[in-house]
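Architecture and fold: a report
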Amino acid sequence: MSKFARIIGTGSYLPPKVVTNDDLSKTIDTSDEWIRTRTGIQERRVVTDESTCDLAVIAANNALEMAGVDASELDLIILATTTPDKIFPATATMLQTAIGASCPAFDLQAVCAGFIFALTTAEQYIKTGAANKVLVVGSETLSRIVDWNDRSTAILFGDGAGAVVLSGSEETGILHSKLYSDGNYLSSLQVSNNYINETGFIEMAGNEVFKIAVSRLSSLAEETLSACNMTSENLDWMVPHQANIRIISAVAKRIKTPMDKVVVTLEKHGNTSAASIPLALDTAVRDGRIQKGQTLLFEGIGGGFSWGSILVKF
Ligand SMILES: CC(C)(COP(=O)(O)OP(=O)(O)OC[C@H]1O[C@@H](n2cnc3c(N)ncnc32)[C@H](O)[C@@H]1OP(=O)(O)O)[C@@H](O)C(=O)NCCC(=O)NCCS
């Protein structure tokens with residue numbers, strides 16, 4: 001049995017179509033200035049005819065290539081998504097076939113905390129010896145569930161995918177993870193359909209989500225560091241869910257982490273839900289900011305609410 005689950009490869013993919021704040025201001029009553037100031041977002045990517053699986057395949061192949069792992073060696077695939085291509089079969093099974101894997105594959109749904117929940121699940125498989133090589137992907141086509149006439153939500157979300165390959169290891173990897181859910185807040189952030197075959201769009205009480213996100217994520221970051229007998233001084237990078245720059249900077253301030261130790265990609269990506277953390281991670285790995293041996297804190301919150309954190313030695 002392996003002592004640790006290590007990240008040995010990262011990958012990501014963004015669909016080519018860019019939608020800028022100025023593009024949005026042509027169809028809804030908003031402005032580039034308002035969106036930048038209130039959220040930090042400048043542009044987002046949106047699919048044209050690509051599916052959630054299409055994005056996931058490219059991100060997964062990039063991560064497998066970096067890891068030097070062939071898809072046939074995978075023991076498990078977990079795909080975190082809120083926007084599966086079908087009610088069933090799981091998008092993860094489409095991904096499995098598309099990349100040439102033959103292992104078990106399932107979808108996991110924890111909205112914007114999906115990647116944290118999926119990585120934590122994968123770690124358990126590795127630590128119990130049930131799996132040794134696991135592919136964890138976050139892939140979303142949120143543009144399909146955004147009401148493009150609703151300025152309170154249309155400005156926030158984007159499409160994309162990120163992936164990691166985990167391997168069992170005696171070398172330190174994931175050091176700590178913690179998950180929370182509280183279903184008392186269902187209506188604060190949800191898709192509005194009542195029945196599974198009804199079309200629905202994202203509905204959100206923005207102010208409430210904002211306050212809960214700052215308070216829950218700040219407490220969780222403190223709890224995580226303290227559980228590992230660390231302070232923020234031991235952190236090399238915080239890689240947070242990319243929802244709003246004001247949420248990210250409030251949490252960083254509370255744990256006394258300067259913004260130059262926080263990976264921020266939301267200006268170009270918007271909020272890509274389960275894809276946002278692995279997208280940010282891969283961006284910072286490939287541009288050389290994140291280096292092997294560094295200590296990283298992932299944290300994120302999404303509808304439910306569900307939230308979680310992972311401290312990892314990269
Ligand atoms: C959505 C969000 C950006 C709104 O910012 P805010 O500072 O809370 O703004 P408010 O909702 O209080 O709205 C302030 C004003 O701007 C207006 N407004 C809202 N959206 C606007 C837009 N896109 N463009 C211009 N004006 C807008 C409101 O109508 C309101 O006008 P009023 O004062 O005349 O009533 C912010 O609440 C947020 O990011 N919340 C968290 C959302 C999130 O991260 N969700 C995903 C979590 S995983």
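Residues numbered from 1 in each chain as written. Predicted model: local features only at pLDDT ≥ 70, side-chain atom pairs only at ≥ 80, totals over all residues.

**Regarding the site of the ligand**
- As a structural note, the neighbourhood of the ligand is formed by 19 residues, with T30, C112, G206, F210 and A243 the closest of them.
- When residues of the shell around the ligand are traced back to their parent elements, those giving at least two are α2 (32–39), α6 (151–154), α7 (206–227) and β12 (295–302).
- Of all the elements, α7 adds the most residues to the shell around the ligand, at 5 residues.
- When the residues that make up the shell around the ligand are grouped by side-chain class, the tally is 9 nonpolar, 8 polar and 2 charged.
- Each of domain 1 (4–169) and domain 2 (174–313) contributes no fewer than three residues to the shell around the ligand. (Near = placed C-beta within 6 Å. Helix = DSSP H or I, 4+ residues; strand = E, 2+ residues; numbered from the N terminus. Nonpolar A, V, L, I, M, F, W, Y, C, P; charged D, E, K, R; others polar. Domains from an automatic or database assignment.)

**Quick look at the domain arrangement of the protein chain**
- Examined at the domain level, the protein chain breaks down into domain 1 (4–169) and domain 2 (174–313).
- For domain 1 versus domain 2, the separation of C-alpha centres amounts to 15 Å.
- At the interface, 47 residues of domain 1 touch 43 residues of domain 2.
- Elements with a minimum of two residues in the side of domain 1 that touches domain 2: β1 (4–13), β3 (43–45), α5 (114–127), β6 (133–141), α6 and β7 (159–169). (Contact = placed C-beta atoms within 7 Å.)

**With respect to α5**
- Taking 1.5 Å of rise per residue, 14 residues should cover 20 Å, and α5 covers 20 Å from first to last C-alpha, within 8% of that figure.
- With 10 of 14 residues buried, α5 lies mostly within the body of the structure.
- Within α5 the residues assigned to the buried category are G114, F115, I116, F117, A118, L119, T120, A122, E123 and I126.
- Just downstream of α5, G129 is the residue with a positive phi angle, here 85 degrees. (Expected span 1.5 Å × (residues − 1). Buried ≥ 20, exposed ≤ 12 C-beta atoms within 10 Å, placed from the backbone.)

**A look at the packing of α7 against helix α8 (residues 245–254)**
- In the contact formed by α7 and α8, the axes pass within 9 Å of each other and the chain directions differ by 35 degrees. Every pair of crossing elements has a handedness; the one defined by α7 and α8 is right-handed. On α8, the residues that touch F210, A213, V214, L217, S218 and A221 of α7 are I247, A250, V251 and R254. (Axes fitted to C-alpha atoms, helices over the stretch in contact; angles between N-to-C directions. Left-handed = near helix turned anticlockwise from the far one by under 90°.)

**A look at the nonpolar core**
- Ranked by size, the top nonpolar core spans 101 residues in total, and within it A60, I78, L95, V136, V137 and V239 carry the most contacts.
- Looking at which element gives the most residues to this core, the answer is helix α3 (residues 52–67), with 10 residues.
- Looking at which domains feed residues into this core, each of domain 1 (4–169) and domain 2 (174–313) supplies at least three.
- Those residues in contact with V137, other than ones at most four positions away along the chain, are A56, A59, A60, L79, A80, L95, A161 and A163. (Core = buried A, V, L, I, M, F, W, Y, C linked by C-beta atoms within 7 Å.)

**Considering the sheet that holds strand β8 (residues 174–181)**
- Spatial ordering of the open sheet is given by β8-β13-β12-β11, a layout of 4 strands whose pairing is mixed. Unpaired on one side and paired on the other, β8 and β11 (237–240) mark the two borders of the sheet. The average angle at which neighbouring strand axes cross in this sheet is 10 degrees, direction not considered.
- α7 rests against β8, β12 and β13 (306–313) of the sheet, and its axis sits at about 150 degrees to β12. (Pairing = 2+ DSSP bridges.)

**Observations regarding the environment of G303**
- Along the polypeptide, G303 turns up in the loop between β12 and β13.
- With 23 C-beta atoms packed within 10 Å, G303 lands in the buried category.
- Counting along the chain gives 30 residues from G303 to S273, while the straight-line C-alpha distance between them is 9.9 Å.
- Residues contacting G303, with those up to four places away along its chain left out, are V111, L189 and Q190.

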